[in-house]
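If you want the building blocks of each chain, they are given just below.
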Amino acid sequence: MSDIVIDIADVRKKYRGGVEALRGVSLQVPQGGIFGLLGPNGAGKSTLVKILTSIVRPTRCAGIMLGAAIGDKATLARVGYLPEHARFPEYLKGGEVIRYVAGLTGISSADARQKAGQLLEMVGMQDWGNHKMGTYSKGMKQRIGLAQALVNDPEIVFLDEPTDGVDPKGRLEMRNLLQRMRDDGRTVFINSHLLGELEMICDSVAIMDKGEIVQQGTIAELTEKSRRYELKTRGTIPEELKHKLIAAGAEIGGEVISVVGSDPEPIQPMLDALRAEKVTIVELREIRQSLEELFMESVGAGGVGGTQKRSTPPQLPGKELVK
Amino acid sequence: MRQVMTILWDSYRLLAAKKLFWIVLFLTVLIAMMYASVGFTAQGVSVLFGAYELKNDLIVEGSMFAEYLYMMIFTDYLVPWWLGLFALVLALISVCPIFPDFLKTGSIDVAISKPMSRLSLFLVKYLGSLLFVAIQVLVFCVIVFIAHGVRLNAWNLEIFWAVLLLTFVFSLIYCVSVLTAVLTRSSLFSLLVALLVWGVTLSIQWSESIMYKATYVMPASGLSINMKTGETKEAGEELDTSSEMEKFYGIVRAIGMPLPKTRDATYLLRKKVTVRGKNMTMSSAFLEDEASASELLEAKAMEDYDNRHSVAYIVGSSLAFEVFILGIACFIFVRKDF
């Protein structure tokens with residue numbers, strides 16, 4: 001198992017006025033992957049990240065980040081952060097913003113200058129580094145935000161809604177950048193409500209609701225219990241065979257035969273038996289729950305700010321085995 | 001140190017990006033150049049680099065009175081009225097949004113998630129904001145210094161006390177703005193509260209000053225005033241002070257004691273700069289040899305007036321106010337959840 005870079009237990013935050021944002025959050029984040037923190041609006045995701053980056057003081061917090069206690073200022077030199085709705089001085093140019101943040105982190109002027117050039121190129125802003133922030137689009141500002149978060153070569157990068165306001169092309173580029181960060185060995189911690197995007201890139205996730213972690217693990221682990229194989233047939237299945245299949249653990253609904261589990265072995269004799277009876281097999285698919293379904297199941301339809309449970313089930317991601 | 005320099009440099013960039021900074025700087029340079037255009041000839045005073053000449057027997061090239069007048073224009077008019085009042089208001093308007101903007105969500109997060117203590121961040125940001133006034137006054141003082149050197153051959157480094165004193169005066173008002181900003185994150189509100197506090201302190205200082213003159217300076221100068229008719233009489237000798245007036249003055253002074261002494265601190269410059277070894281509060285030393293007894297009496301009374309507050313009282317009580325206000329602001333900033 002990978003090393004754990006963030007290991008916190010029983011993190012609580014009660015704001016003045018009585019709002020309890022976090023109600024005993026325990027979380028482990030493995031090193032060198034992309035970790036997604038999901039949750040509806042108001043779940044406490046941003047508060048948790050702000051506690052980890054010393055922006056918010058916890059009411060109670062036990063745990064470590066990069067081997068030091070949470071709140072240790074020196075550790076923040078090894079951490080990068082892009083806040084939600086990041087605002088950078090409009091009077092500065094893109095390159096200057098990166099150098100400014102480098103300076104706050106204690107990086108020498110010469111190194112900051114060199115690093116700014118590299119990062120501008122990395123985020124595709126090399127031609128815009130000498131333009132003022134005030135002239136940038138939202139997507140360009142986010143790119144600069146991402147670049148500034150990487151200026152200190154951080155071991156952990158916290159990104160709070162990094163694709164917020166970014167167009168589809170920008171999102172694709174952002175995903176590629178995140179994967180590149182992971183390939184460089186960094187731990188990327190993303191807060192987002194864009195489940196489809198997280199599903200594409202996250203190695204592990206935690207789902208948060210009402211200040212608590214309700215699910216945590218790799219996407220494969222979390223969707224394991226929902227995995228099944230679906231066989232679509234054409235023609236009548238003899239009653240005797242139906243009984244045999246049901247006895248073997250299959251569920252039959254019309255022309256669809258479902259077998260719960262991730263092991264494909266039990267499917268093989270069923271396929272043989274169906275073929276022997278000359279039943280046409282149209283399709284065999286491996287089915288697992290999508291992250292969105294998992295999320296909805298974890299937090300409930302009412303928990304998602306503004307989101308309602310769909311009346312028709314979403315298209316499940318599947319891996320076609322036979323068609 | 002790198003972090004401190006980064007914040008200070010950013011403060012400069014912020015000021016340089018403000019049009020008001022350059023407008024005030026332009027006006028400051030213009031006023032300083034007008035001052036520098038005044039010179040002295042054997043016949044009197046020349047203005048606008050010799051374009052006009054005002055004949056005077058006393059204020060001529062090489063005389064002590066010329067030096068005194070030239071310095072007095074700087075210490076009694078330009079510093080208290082332009083740099084110490086109008087330019088300071090413009091500076092406050094320009095600088096007030098710095099903390100509210102800095103404290104906005106999405107902006108503050110980046111700064112405080114860095115390996116720098118909140119205390120250092122706050123204090124350096126505060127000091128950086130004072131650069132507006134420090135730069136303006138420094139530019140002004142450099143021109144005045146050169147003017148004194150060229151016009152009077154008096155290369156007087158004491159002129160640069162104005163930079164320290166006016167930056168200090170500005171900080172006394174600005175700290176109120178910062179506290180309001182930390183509490184409300186509103187630029188407009190922090191400007192209004194700072195102006196209000198400044199207005200109140202100025203009113204009390206002016207009241208105290210007027211009360212002192214009426215209670216002590218006038219009797220010491222041999223002048224009495226009829227409060228009903230407003231008629232002034234010259235006795236020609238020192239008069240007794242009224243115990244009622246003394247009591248009233250004591251109340252006004254006590255009210256002003258915990259407040260910042262912006263006006264008094266500005267006028268401290270008169271104690272710090274000298275002409276031929278005598279500071280600008282020593283009125284009697286700059287009188288003509290033929291000065292009358294009543295003129296001497298009045299000059300002595302004015303000397304007492306100028307020196308009625310010690311430097312320790314003015315700086316100490318003002319500094320205590322600033323430390324108190326800034327301490328609260330800093331405490332809130334350090335403990336605040338952003």
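Residues numbered from 1 in each chain as written. Chains lettered and ligands numbered in written order. Predicted model: local features only at pLDDT ≥ 70, side-chain atom pairs only at ≥ 80, totals over all residues. Heavy atoms only, no water.

K.L.:
Account for the overall build of chain B, with residues named and values stated.
P.N.:
Summing up its helical and strand segments, chain B has 14 helices and 7 strands in all. With the principal axes as the frame, chain B shows a C-alpha extent of 70 × 55 × 30 Å. When the 338 residues of chain B are sorted by exposure, 51% land in the buried category. The long-range share in chain B, meaning contacts at least 24 apart out of those at least 6 apart in sequence, stands at 73%. Working note: accessible area of chain B is about 15,400 Å², and carbon and sulfur atoms make up 67% of it. (Helix = DSSP H or I, 4+ residues; strand = E, 2+ residues; numbered from the N terminus. Buried < 20%, exposed > 50% of the residue type's maximum accessible area, 1.4 Å probe, protein only. Contact = heavy atoms within 4.5 Å. Areas by Shrake-Rupley, 256 points an atom, 1.4 Å probe, with all protein chains shown as cover.)

K.L.:
Residues and numbers for the layout of surface pockets, please.
P.N.:
The computed volume of the largest pocket comes to approximately 820 Å³. Considering the residues around the largest pocket, the lining is formed by 33 residues, among which Asp76, Arg270, Met302, Tyr305 and Asp306 of chain B are closest to the centre. Among the secondary structure elements, those contributing two or more residues to the lining of the largest pocket are helix H3 (64–95), helix H9 (187–220), helix H11 (262–267), helix H12 (269–272) and helix H13 (293–306) of chain B. Residues that form the lining of the largest pocket fall into these classes: 17 nonpolar, 5 polar and 11 charged. Of the voids in this model, the second largest pocket is the one considered here, and its volume is about 490 Å³. Around the second largest pocket, the lining is made up of 23 residues, and of these Arg87, Phe88, Pro89 and Glu90 of chain A together with Ser107 of chain B lie nearest the centre. Elements with a minimum of two residues in the lining of the second largest pocket: helix H2 (94–105) and helix H4 (138–149) of chain A together with helix H1 (2–16), helix H4 (98–102) and helix H5 (108–112) of chain B. Here the residues of the lining of the second largest pocket sort into 13 nonpolar, 2 polar and 8 charged. (1 Å grid on protein atoms, 1.4 Å probe; cavity = no way out; pocket = protein on both sides within 12 Å on 5 of 7 lines; lining within 4 Å. Points joined across faces, edges and corners; volume = space filled by probe spheres on them. Nonpolar A, V, L, I, M, F, W, Y, C, P; charged D, E, K, R; others polar.)

K.L.:
Go over the pairing of strand S4 (residues 60–65) of chain A, please, and point to the residues and values.
P.N.:
Residues and elements named next belong to chain A. Sheet analysis places strand S1 (residues 4–14) next to S4, joined by 5 bridges and oriented antiparallel. Bridge assignment links Ala9 to a residue of S4, and that residue is Ala62. Note: S4 against strand S5 (residues 68–69), 2 bridges, orientation antiparallel. Bridge pairing links Ile64 to Ala69 in S5. (Pairing = 2+ DSSP bridges.)

K.L.:
Outline unusual backbone geometry, supporting the account with residue identities and numerical values.
P.N.:
Most peptide bonds take the trans form, and the phi angle of most residues other than glycine is negative. Residues and elements named next belong to chain A. Look at Asp10: it is not a glycine, yet its phi comes out positive at around 55°. Within the secondary structure, Asp10 is located in strand S1. One non-glycine residue, Ser54, lies in the positive phi region at around 70°. In this fold, Ser54 is placed in the loop between helix H1 (45–52) and S4.

K.L.:
I'd love a proper account of the pairing of strand S3 (residues 52–55) of chain B, names of residues and values included.
P.N.:
Residues and elements named next belong to chain B. Bridge analysis of strand S2 (residues 44–47) against S3 gives 4 bridges, and the strand direction is antiparallel. Each bridged residue has a counterpart across the sheet, and for Ser46 the counterpart in S3 is Glu53. In textbook terms, the turn of a hairpin is the stretch between consecutive antiparallel strands, and for S2 and S3 this stretch comprises 4 residues, one of which, Leu48, has a positive phi near 50°.

K.L.:
Explain the environment of Lys115 of chain A residue by residue, including any values.
P.N.:
All names here are of chain A. Topologically, Lys115 is positioned in helix H3 (residues 109–122). Under the relative-accessibility criterion, Lys115 is labelled buried at 17%. Sequence spacing of Lys115 and Gly63 is 52 residues, and the spatial spacing of their C-alpha atoms is 32 Å. The contact partners of Lys115, leaving out residues within four places of it in the chain, are Leu150, Val151 and Asp153. Among the polar contacts listed, one links the side chain of Lys115 to the side chain of Asp153, at a separation of 3.0 Å. (Polar contact = N/O pair within 3.5 Å; in protein donor to acceptor, adjacent residues only side chain to side chain.)

K.L.:
Quick one: what's the story with the sheet that holds strand S2 (residues 20–30) of chain A, residue by residue and with numbers?
P.N.:
Residue and element names in this part refer to chain A. Strand order across the open sheet formed by 4 strands is S2-S1-S4-S5, with antiparallel pairing between neighbours. For this open sheet the edge positions go to S2 and S5, each flanked by a neighbour on one side alone. Here S1 runs beside S2; their pairing, made up of 8 bridges, is antiparallel. Of the residues in S2, the one forming a bridge with Lys14 is Glu20.

K.L.:
Before we move on, could you go through the packing of aromatic side chains and cite the residues and values that matter?
P.N.:
All names here are of chain B. If you walk through the whole model with that rule in mind, you get 24 aromatic pairs over all chains. Where Phe21 meets Phe132, the ring centres are 5.2 Å apart and the plane angle is 80°; that geometry is what we call edge-to-face. Pair noted here: Phe21 is in helix H2 (residues 19–36) and Phe132 is in helix H7 (residues 131–152), with a separation of 111 residues, a long-range link. Neither residue differs from the other here; Phe21 and Phe132 are each classed as buried. Judged by centre distance (5.3 Å) and plane angle (40°), the ring pair of Phe122 and Phe333 falls under tilted. Highlighted residues: Phe122 in helix H6 (residues 118–129) and Phe333 in helix H14 (residues 311–335), separated in sequence by 211 residues. (Phe/Tyr/Trp six-rings, centres within 6.5 Å; stacked < 30°, edge-to-face > 60°.)

K.L.:
Please provide a residue-by-residue account of the packing of H3 of chain B against helix H8 (residues 161–184) of chain B, values included.
P.N.:
All names here are of chain B. In the contact formed by H3 and H8, the axes pass within 10 Å of each other and the chain directions differ by 40°. By the criterion of interaxial angle, the relationship of H3 to H8 is oblique. Seen from above, H3 lies across H8 with right-handed handedness. In contact with Phe74, Val79, Leu83, Gly84, Leu88, Ala91, Leu92 and Val95 of H3, H8 contributes Ala162, Leu166, Val169, Phe170, Ile173 and Tyr174. Class assignment for the residues of the contact of H3 with H8 results in 13 nonpolar, 1 polar and no charged. (Axes fitted to C-alpha atoms, helices over the stretch in contact; angles between N-to-C directions. Parallel < 35°, antiparallel > 145°, perpendicular 65-115°, else oblique. Left-handed = near helix turned anticlockwise from the far one by under 90°.)

K.L.:
Give me the lowdown on a negative patch on the surface, citing residues and values where you can.
P.N.:
Residue and element names in this part refer to chain B. A surface patch of negative charge is lined by Glu234, Glu288, Asp289, Glu290, Glu295 and Glu298. Following the sequence through the fold, Glu290 ends up in the loop between strand S7 (278–279) and H13. Judged by relative accessible area, Glu290 falls into the exposed class, the value being 63%. (Patch = residues over 30% accessible without salt bridge, like charges linked within 9 Å, V, L, I, M, F, W, Y side chains within 5 Å. Salt bridge = Lys/Arg side-chain N within 4 Å of Asp/Glu carboxyl O. Lys, Arg positive; Asp, Glu negative; His and termini not counted. Charge placed at Lys NZ, Arg CZ, Asp CG, Glu CD.)

K.L.:
Got a sec to walk through the side chain of Thr47 of chain A? Specific residues and values, please.
P.N.:
Looking at the secondary structure, you find Thr47 of chain A in helix H1. A polar contact of 3.3 Å, which involves the side chain of Thr47 of chain A, links it to the side chain of Tyr15 of chain A.

K.L.:
Help me get a handle on the confidence of the model for chain A, residues and values and all.
P.N.:
Residues shown with low pLDDT carry predicted positions that ought not to be read at fine detail. All names here are of chain A. Scored by pLDDT, chain A comes out at a mean of 85, with 92% of its residues at no less than 70. Of all helices and strands in chain A, the one with the weakest mean pLDDT is strand S15 (residues 318–322) (42), whereas strand S6 (residues 79–82) scores best (95). Segment residues 303–323: pLDDT under 50, and 38 contacts once partners within four positions in sequence are set aside and those in other chains are kept. (pLDDT = per-residue confidence, 0-100.)

K.L.:
Lay out H3 of chain B with the relevant residues and their values.
P.N.:
Between its terminal C-alpha atoms H3 of chain B stretches only 40 Å, short of the 46 Å expected from 32 residues at 1.5 Å a residue. Counted residue by residue, H3 of chain B has 23 buried out of 32 residues, so it is predominantly covered. (Expected span 1.5 Å × (residues − 1).)

K.L.:
Please provide a residue-by-residue account of the nonpolar core, values included.
P.N.:
Ile6, Leu48, Met65, Phe158 and Phe189 of chain A together with Phe74 and Tyr174 of chain B are the most contacted members of the largest nonpolar core, which has 170 residues in total. Tallying contributions element by element places H3 of chain B first for this core, with 17 residues. Ile6 of chain A has contacts with Leu27, Gln28, Val29, Leu52, Ile64, Met65, Ile156, Phe158 and Phe189 of chain A, leaving out every residue within four places of it along the chain. Grouped together as the second largest cluster of nonpolar side chains are 15 residues, Tyr229, Ile237, Ile257 and Leu274 of chain A included. (Core = buried A, V, L, I, M, F, W, Y, C linked by side-chain atoms within 4.5 Å.)

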